[in-house]
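Structural overview for review
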Amino acid sequence: MTAETDAGAAEPMILADHDEAGPPAATTTTPSSIDETIDAISKEFEALGDSPSMADALRARASAPARTLARPAPAALESLASRTISPNRQLMARVQKALKEADPVVVSGKVTRASGIIVEATLPQVAVGTACVIEVGDGRLIPAEVVGFARSRALLMPFGELAGIGEGCSVWPRASAAEIPVGEALLGRVVDAGMRPVDGLGTPSLNKTAALNAAPPPAMQRRRITRPLVLGIRSLDSCLTCGEGQRVGIMAGPGVGKSVLLGMLARSASADVIVCGLVGERGREVREFVERDLGPAGLARSVVVVATADEPPLVRVRAAMAATAIAEFFRARGKKVLLLIDSLSRVAMAQREIGLAAGEPPTSRGYPPSVFAALPRLVERAGNDAGEGSITAMYTVLAEGDDLSDPVADAARAALDGHVVLSRKLANAGHFPAVDVLASVSRVMSDVVTPEHRRLAMEAREVLSTYRDSADLIEVGAYAAGSNPRVDRALRSIHAVNALFRQEPGQRFALENTLLGLRRALETPGPEVARG
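How each quantity is defined
Residues numbered from 1 in each chain as written. Predicted model: local features only at pLDDT ≥ 70, side-chain atom pairs only at ≥ 80, totals over all residues. Heavy atoms only, no water. Helix = DSSP H or I, 4+ residues; strand = E, 2+ residues; numbered from the N terminus. Buried < 20%, exposed > 50% of the residue type's maximum accessible area, 1.4 Å probe, protein only. Contact = heavy atoms within 4.5 Å. Areas by Shrake-Rupley, 256 points an atom, 1.4 Å probe, with all protein chains shown as cover. Core = buried A, V, L, I, M, F, W, Y, C linked by side-chain atoms within 4.5 Å. Phe/Tyr/Trp six-rings, centres within 6.5 Å; stacked < 30°, edge-to-face > 60°. 1 Å grid on protein atoms, 1.4 Å probe; cavity = no way out; pocket = protein on both sides within 12 Å on 5 of 7 lines; lining within 4 Å. Points joined across faces, edges and corners; volume = space filled by probe spheres on them. Nonpolar A, V, L, I, M, F, W, Y, C, P; charged D, E, K, R; others polar. Pairing = 2+ DSSP bridges. Right-handed = clockwise from strand over helix to strand, strands pointing away. Axes fitted to C-alpha atoms, helices over the stretch in contact; angles between N-to-C directions. Parallel < 35°, antiparallel > 145°, perpendicular 65-115°, else oblique. Left-handed = near helix turned anticlockwise from the far one by under 90°. Salt bridge = Lys/Arg side-chain N within 4 Å of Asp/Glu carboxyl O.

1. A closer look at the overall build of the protein
Along its length, the protein carries 16 helices and 19 strands. Burial analysis of the protein (532 residues in total) assigns 45% to the buried set. For the protein, restricting intrachain contacts to residue pairs at least 6 apart in sequence, the fraction spanning at least 24 positions comes to 72%. Of the roughly 26,600 Å² that the protein leaves accessible, carbon and sulfur atoms contribute 54%.

Next up, the structure:
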């Protein structure tokens, strides 16, 4: 495409300004066409190779003949504007590839202070959540994340030990730490919070990414919970029926059977995918849960994310978020997901460590405000979205000293759609799973069961409640048969109901069989009661 004047001759003008009286200092070259100019520049790029250094670029430019692009004459501008210039696709592809792979963060900083689990550094132009590496004296790189700022200093929390970090160590921002790799290859695997395998089976091939801090589904785009999720556990399916997309807390003190109950849920629940997040567990318990409680059948359709108690608090919090992100990945593919987090209390404790170390004031029982803001954000991500998939979530809550008024337990009850209480008294009596039906509630049960099922559940609760209220009189032999019809019925049915709610870890029952057993337990004549 040649720029022509009115007389038909090209009028070369260099891009740099110069006096009309004198020629420009640079050599003027009039290319025959703009396409030729683009081709010439492309050849210069290709001569530099894939990754030219600045010195190579300068030497190549110095050895090339000087060229000054001609400014088209005014009459030619209209012709240029009316024509389409075809881009050099090869050059554009290379430039786009280079821009994609380039690290946009070029700043670095220095460590100024380290105290406890927090490292302070001068690190401008970074945001909370930015991933960094700290270069220690022996050349090791310790990953860390920006968790806050104080007095113009960035507060970093390493993902490992602080050993080796000293004043003056270099800090290099890398990228956002808000994504993890995910994929179908995670099924059957045990990984850490960074999706690195801990089962010794090699690195899974993961070709997708998921956000750690994804926003919950919009409230008006969530599908209503209308279908029951059969868990295979008679006490839960009969009186505390769970719905697809429900979020439930399992509350108990230590040693009452939470992990065993989670293993039963993982093996028996009618779900397509199970995602287990073991947060703050003892190292010994991880393998026990995978091999004994979960078993080969449960592991085949499960993903287990592990962060043991000795891990830094940031890793423990990320483990719960990573498990939720994996569940969201499968939900987006239309899967029916059961998310098991053990435990929400340890997530709160890890967040408490982070908040206090970052300078937050303690409020309720030493928990800073960020804990009670983080818990709803985490649990709200579970549930139904606008698609066909669902996340039914079970969060264990550790009641310290069997105190269910713990602030974390209160916050969990307020944020979740129901709770299951495990009773130490039942566990001590050998009743497993030790589900206290009267202290537990499912807020969506009425929306997912039939009227007949609801009637049987109410009758079972009445039997349990009546017997509990009259237990003292019955045990000392002071109750006379016939004095109270409700107590008489409770005495006839209580043993059959309790027997129904006992279950071995390897057993699984269909919902129809559970309801049939409950109907028979409530209709049983029971033992004779002495009349006064």
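2. Observations concerning the nonpolar core
In terms of nonpolar packing, the biggest core is built from 57 residues, with Met195, Ile326, Leu339 and Tyr395 touching the most fellow members. Take this core: its biggest share by element is 13 residues, from helix α8 (residues 313-331). The contacts of Tyr395, once residues within four sequence positions are left out, are Arg247, Val248, Gly249, Ile250, Leu339, Ile341, Leu344, Leu378, Val379, Ala382 and Leu416. Grouped together as the second largest cluster of nonpolar side chains are 56 residues, Ile233, Cys239, Ala269 and Val437 included.

3. Notes on the packing of aromatic side chains
Under the defined criterion, the tally for this structure stands at 2 aromatic pairs. Ring plane angle 75 degrees and centroid distance 5.1 Å describe the contact between Phe329 and Phe330, whose orientation is recorded as edge-to-face. Residue classification places Phe330 among the buried positions, given a relative accessible area of 0%. For the ring pair Tyr367 and Phe372, a centre distance of 6.0 Å and an interplane angle of 65 degrees mean the geometry is edge-to-face. Given the relative accessible area of 3%, Tyr367 is considered buried. Taking relative accessible area as the criterion, Phe372 reaches 26% and is therefore assigned partly exposed.

4. Concerning the layout of surface pockets
Within this model, the largest pocket holds a volume of roughly 670 Å³. Lining the largest pocket we find 30 residues, and of these Asn213, Val317, Met321, Gln351 and Arg377 sit closest to its centre. At the level of secondary structure, the elements contributing two or more residues to the lining of the largest pocket comprise β4 (141-150), α8, α9 (344-357) and α10 (369-379). Sorting elements by how many residues they give to the lining of the largest pocket places α10 first, with 6 residues. Here the lining of the largest pocket is composed, by residue class, of 20 nonpolar, 5 polar and 5 charged.

5. Details of the pairing of strand β14 (residues 302-308)
Consecutive side chains of a regular strand alternate in pointing toward one face of the sheet and then the other. The buried fraction of β14 is high, at 7 of 7 residues. Residue alternation in β14 divides its side chains into two sets, Ser302, Val304, Val306 and Thr308 and Val303, Val305 and Ala307, and both sets are buried. Alignment of strand β8 (residues 189-191) against β14, held across 3 bridges, turns out to be parallel. If you follow Arg189 over to β14, its bridge partner there is Val303. Alignment of strand β13 (residues 273-281) against β14, held across 7 bridges, turns out to be parallel. From the neighbouring strand, Val275 faces β14, where its bridge partner is Val303. For the segment spanning β13, helix α7 (residues 283-300) and β14, crossover handedness is right-handed.

6. A closer look at unusual backbone geometry
Here the amide bond leading from Asp342 into Ser343 is cis, since omega sits at 10 degrees, within 30 degrees of zero. Summarising the element assignment, Ser343 is placed in the loop between β15 (336-342) and α9. Look at the link from Phe432 to Pro433: it is a cis peptide, with omega at -10 degrees. A positive phi is found at Arg151, a non-glycine position, where the angle reads about 50 degrees. As for its placement among the helices and strands, Arg151 is situated in the loop between β4 and β5 (153-158). For Arg151, a relative accessible area of 65% translates into the label exposed. Positive phi, close to 60 degrees, is recorded for Ser152, a residue that is not glycine. Within the element layout of this structure, Ser152 appears in the loop between β4 and β5. Take Ser152: its relative accessible area is 71%, and that puts it in the exposed class.

7. Some points on the packing of helix α15 (residues 485-501) against helix α16 (residues 511-523)
Packing of α15 against α16 leaves a shortest axis separation of 8 Å and a crossing angle of 150 degrees. Classified by the angle their axes make, α15 and α16 are roughly antiparallel. The interaxial crossing formed by α15 with α16 has right-handed handedness. Facing Arg489, Ser493, Ala496, Val497 and Leu500 of α15, the residues of α16 in contact are Thr514, Gly517, Leu518, Ala521 and Leu522. Its residues assigned to classes, the contact of α15 with α16 shows 6 nonpolar, 3 polar and 1 charged.

8. Observations regarding the environment of Ser390
Its place among the elements puts Ser390 in strand β17 (residues 390-398). Residue Ser390 is classed as buried on the basis of its relative accessible area, which comes to 1%. Once the C-alpha coordinates of Ser390 and Gly334 are considered, the two residues, 56 residues apart in sequence, prove to be 7.3 Å apart. Excluding its chain neighbours within four sequence positions, the residues that come into contact with Ser390 are Arg223, Glu244, Gly245, Arg331, Lys335, Lys336, Val337, Gly383 and Asn384.

9. Notes on the pattern of salt bridges
When their charged atoms lie close together, side chains carrying opposite charge are able to pair. Under the criterion given, the structure shown has 29 salt bridges. Notably, a salt bridge pairs Arg247 with Asp417, separated by 3.1 Å at the nearest N-O pair. On the criterion of sequence distance, the pair formed by Arg247 in strand β12 (residues 247-252) and Asp417 in the loop between α11 (407-415) and β18 (418-421) is long-range, its members being 170 residues apart. There is no split in this pair, since Arg247 and Asp417 are both buried.

All quantities given are derived from atomic positions and should not be read as evidence of function.
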